[in-house]
Every structure is written in structure tokens, then in C-alpha cells.
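What follows is the residue order along each chain.
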Amino acid sequence: MDDYAAINLAHWNSRVVHHVNGYGIEQFRDDPNHLSHVVRFDIPRLGSIEGLDVVHLQCHIGTDTLSLARLGPRSVTGVDFSRPALDAASSLAIECGATISYVESDVYSAVETLGLENFDLVYTGIGALCWLPDIARWASTVAMLLRPGGRLFIREGHPMLWSLADPRPDGLLVVQYPYFETEGVKFSESFSYVDHEEPLTSPDLVHFNHGVGEVVMALMNAGMRLLSLEEHDTVPWNPFGDDMEEVGDGEYRLRDEPRRLACTYTLQAEKIAIKET
Ligand SMILES: C[S@@+](CC[C@H](N)C(=O)[O-])C[C@H]1O[C@@H](n2cnc3c(N)ncnc32)[C@H](O)[C@@H]1O
């Protein structure tokens with residue numbers, strides 16, 4: 001395993017116990033129609049997924065995966081490299097009576113694990129691409145997982161947001177980290193984005209940014225056709241404390257002149273079906 005992957009795996013394993021307590025999991029158990037706020041945000045763009053074979057890459061503890069399963073697809077498969085995350089995801093699915101197949105795999109090995117062209121929809125949620133060093137390799141993995149005509153749906157943190165330092169006291173935004181793909185930036189974070197008392201046992205992480213153009217071109221080069229690309233001024237976690245305000249349903253945006261910053265984007269692309277001659 002590459003150095004970055006071992007560091008990030010230990011980091012994500014150490015977040016699981018806190019996320020199981022901080023993701024509002026009881027709402028899924030109490031209400032069979034409950035959906036994560038991330039998926040609720042996506043639904044107007046995602047449309048119907050009834051009858052589709054869906055794979056959720058980097059599914060974490062499965063709250064978005066379970067939400068997708070509740071939208072009536074034919075099958076749902078969740079992929080993550082964190083065993084503790086998958087164990088939590090499987091327990092939640094069983095408790096909620098959902099049939100979801102959870103598979104332990106690095107994203108880059110997903111085709112070896114799941115086979116070629118077995119899915120109609122690849123879904124990737126917030127905070128996924130930033131753990132992957134090579135966007136071209138990710139895009140070709142997505143394309144290989146999809147059947148011809150299949151669709152990628154991704155809402156992701158915007159690379160502009162990832163490139164910023166904490167806002168200055170006067171509210172100005174400062175670009176500190178690379179916008180474009182690089183060899184990655186090492187950080188140490190003792191606390192996750194949910195409230196928890198004990199610091200993370202593995203705080204170190206390696207973060208990778210990918211410019212919007214790099215993501216689009218990687219998908220096009222992998223045989224995908226862009227269907228839509230929408231930038232949002234909100235993000236479903238609070239990256240900047242008091243400089244952000246919650247605007248409803250778990251979405252945050254800059255308190256001061258929020259139209260300055262694209263915080264997330266939603267991209268949809270379709271695998272080009274090659275006509276037989
Ligand atoms: C921010 S979480 C995704 C969160 C998801 N949007 C949610 O809130 O449920 C990122 C996930 O990516 C997984 N991950 C990171 N790098 C990976 C890799 N190379 N292969 C597979 N999974 C990976 C982590 O284990 C973690 O569960």
C-alpha cells in the first residue's frame with residue numbers, strides 16, 4: 001500500500017467511532033423514510049434511481065448508501081477501504097432491514113473487486129476525491145465500473161474551497177493550498193467535523209486537490225460525456241466556524257458575501273455507448 005493510503009486509512013479508521021455517534025444514525029432506525037441531508041440535497045438533480053444497479057464509492061459508514069437504497073434502486077453496493085466504516089455501515093443496513101452489499105476495496109481496485117461494467121450509476125458523495133492522488137485513474141475506474149450509457153453522479157467539495165486558509169479576521173479569503181492536482185499536502189487534524197471529546201488516535205492525513213477542469217478532462221479522456229456541472233455556494237459541513245452560517249438542512253455558506261465562493265459542485269457524466277458498426 002502506498003504511503004498516502006496507509007496514512008489516510010489509519011486516519012479514517014480513527015474517525016469511525018466518532019462518526020457513528022455524530023451522524024444522527026438513530027434517525028435512520030426510527031424513521032424508515034429518513035434520508036441523509038446530503039442525499040436530500042442531491043435528489044432534485046439525481047432524479048429517479050428506481051431499478052438501477054448503484055455503486056457508492058467511498059461510502060464511509062453508509063448513511064448516504066442507505067439513503068440511496070431507500071430510493072428504490074435494483075441493487076446498491078457500497079465500497080470503502082475502511083473495515084470499521086464498513087462494519088458500521090453493514091450494522092446500520094441490517095438494523096434498518098435494507099439489502100446493501102458492502103465491499104472492502106481501495107477505489108483504485110474497485111474494478112478488480114466488482115468487475116467491469118456492472119453498474120448503471122456510480123454515486124460519489126462529499127469529501128471523496130480529496131483522498132485520491134490521481135484523478136485520471138479515478139475517472140477511468142468510474143468509466144470501467146459503468147455499463148455503456150451509465151451515469152456518474154458526484155457532489156464534491158469545490159477545489160477553490162479546499163485551496164483556502166481560514167478566513168482572515170477582516171473576512172478576506174486567502175488562497176494557501178494548491179488548486180491543481182499535486183503530490184498532496186500533509187495535515188494533522190485531531191478533531192473531525194462532528195463533535196467529539198477524545199482526539200483522533202490517528203490525526204495525520206494526506207489531502208489532494210483536483211481542479212474542476214482536471215476532473216472534467218479526466219472524465220472526458222476516460223470516455224465519459226459531461227451532462228451537467230453546477231457550482232453551489234453551500235457545503236454540508238462547516239469548514240470555517242463563525243465565518244459560516246447554517247442556511248438549513250445541514251448546509252453552510254459564507255456569512256459575509258457568500259457569492260464570493262463556490263463551496264461545492266455537482267457533476268454528472270454519462271459513459272459514451274460506442275455504436276456497433
Ligand atoms: C469524507 S468520507 C466520505 C463521506 C461520505 N460523504 C459520508 O459523509 O458518509 C471519505 C471516505 O473515503 C474513504 N476512502 C478514502 N480513501 C479511500 C481509498 N483510496 N479507497 C477507498 N476508500 C477511501 C474513507 O475511508 C472514508 O470513509
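Predicted model, so just to flag it, every value in this text is computed and none were measured. Each chain has its residues counted from 1, running along the sequence as written. It should be noted that, the model being predicted, local features are given only for residues of pLDDT at least 70 and side-chain atom pairs only at 80 or more, the latter also being counted only at that level, while totals for whole chains, interfaces and linings use all residues. Excluded from the side-chain calculation are hydrogens and water; included are all heavy atoms of the structure.

Participant: What should I look at first to understand the overall build of the chain in this one?
Facilitator: Segments assigned H or I by DSSP are reported as helices when at least four residues long, segments assigned E as strands when at least two residues long, and all are numbered from the N terminus. Along its length, the chain carries 9 helices and 11 strands. Taken against the 2.2 N^0.38 rule, which gives 19 Å for 277 residues, the C-alpha radius of gyration of the chain at 18 Å falls within 12% of a compact globule. The principal-axis extent of the C-alpha atoms belonging to the chain is close to 60 × 45 × 40 Å. Per-residue accessibility, obtained with a 1.4 Å probe over protein chains only, is compared with the maximum for each type, and a residue is labelled buried under 20%, exposed over 50%, and partly exposed between these values. Taking all 277 residues of the chain together, the buried fraction comes to 50%. By definition in these notes, contact holds between two residues if any of their heavy atoms fall within 4.5 Å. Within the chain, counting contacts between residues at least 6 apart in sequence, those at least 24 apart form 73% of the total. Here the accessible surface of atoms and residues is derived via Shrake-Rupley with a 1.4 Å probe, and residues count as covered only by protein chains that are part of the display. For the chain, the exposed area adds up to about 12,800 Å²; of that, 50% sits on carbon and sulfur atoms. Restricting the calculation to C-alpha atoms gives the radius of gyration, and the globule rule supplies 2.2 Å times the number of residues raised to the power 0.38.

Participant: What should I look at first to understand the pattern of salt bridges in this one?
Facilitator: Think of it this way: side chains of opposite charge can pair up when their charged atoms draw near. Only one rule defines a salt bridge in this text: a Lys or Arg side-chain nitrogen within 4 Å of an Asp or Glu carboxyl oxygen. Tallied over the full model, the rule gives 17 salt bridges. The salt bridge partner of aspartate 53 is arginine 147, with a shortest N-O separation of 3.0 Å. In this pair, aspartate 53 is assigned in strand E1 (residues 53-57) and arginine 147 in strand E5 (residues 146-157), connecting sequence segments 94 residues apart. Overall, aspartate 53 belongs to the buried group, its relative accessible area being 7%. Note that aspartate 120 and arginine 147 form a salt bridge whose closest N and O atoms lie 3.0 Å from each other. Taken together, the residues aspartate 120 in strand E4 (residues 119-124) and arginine 147 in strand E5 connect sequence positions 27 residues apart. One salt-bridge network, in which partners are shared between bridges, spans Asp53, Arg74, Asp120 and Arg147.

Participant: Looking at this structure, I do not really get empty space enclosed by the protein. What am I missing?
Facilitator: Any space left empty among the atoms is revealed by the rolling of a water-sized probe across them. Only protein atoms enter the calculation, which uses a 1 Å grid: trapped sets of points that fit a 1.4 Å probe without letting it out are cavities, open sets showing protein on both sides within 12 Å along at least five of seven lines are pockets, and any residue with an atom within 4 Å of a point is a lining residue. Grid points are joined across faces, edges and corners, and a volume is the space filled by probe spheres set on the points. Scanning all chains against the criterion turns up 1 cavity of 30 Å³ or more. Within this model, the largest cavity holds a volume of roughly 50 Å³. In terms of lining, the largest cavity is formed by Leu129, Cys130, Glu156, Gly157, Pro159, Trp162, Phe208, Asn209, His210, Val215 and Tyr265. Among the secondary structure elements, those contributing two or more residues to the lining of the largest cavity are E5 and helix H8 (159-162).

Participant: In this structure, what is going on with the site of the ligand? I would like to understand it.
Facilitator: The near set for a molecule or strand comprises every residue that places at least one heavy atom within 4 Å of it. If you check the shell around the ligand, you find 17 residues, and the closest are Tyr23, His60, Asp80, Val107 and Ile126. Polar contacts, as counted here, are pairs of nitrogen or oxygen atoms within 3.5 Å of one another; within protein the pair requires one atom able to donate a hydrogen and one able to accept it, and residues that are adjacent in sequence qualify only if both atoms are side-chain atoms. Separating a nitrogen atom of the ligand from a side-chain N or O atom of aspartate 106 is a distance of 3.2 Å. For the ligand, whose accessible area on its own is 600 Å², the fraction buried by protein is 96%. Polarity classes work like this: nonpolar for Ala, Val, Leu, Ile, Met, Phe, Trp, Tyr, Cys and Pro, charged for Asp, Glu, Lys and Arg, and polar for all others, with Gly in that last group. In terms of residue class, the shell around the ligand is built from 8 nonpolar, 6 polar and 3 charged.

Participant: Would you mind showing me how to read the environment of tryptophan 131 here?
Facilitator: Relative to the helices and strands, tryptophan 131 is located in the loop between E4 and helix H7 (135-145). Once the C-alpha coordinates of tryptophan 131 and cysteine 96 are considered, the two residues, 35 residues apart in sequence, prove to be 29 Å apart. When neighbours within four sequence positions are excluded, tryptophan 131 is seen to be in contact with Tyr4, Asn8, His11, Trp12, Arg15, Gln58, Leu205, Val206, His207 and Phe208. Within polar-contact distance, the side chain of tryptophan 131 engages the backbone oxygen of glycine 127 at 2.9 Å.

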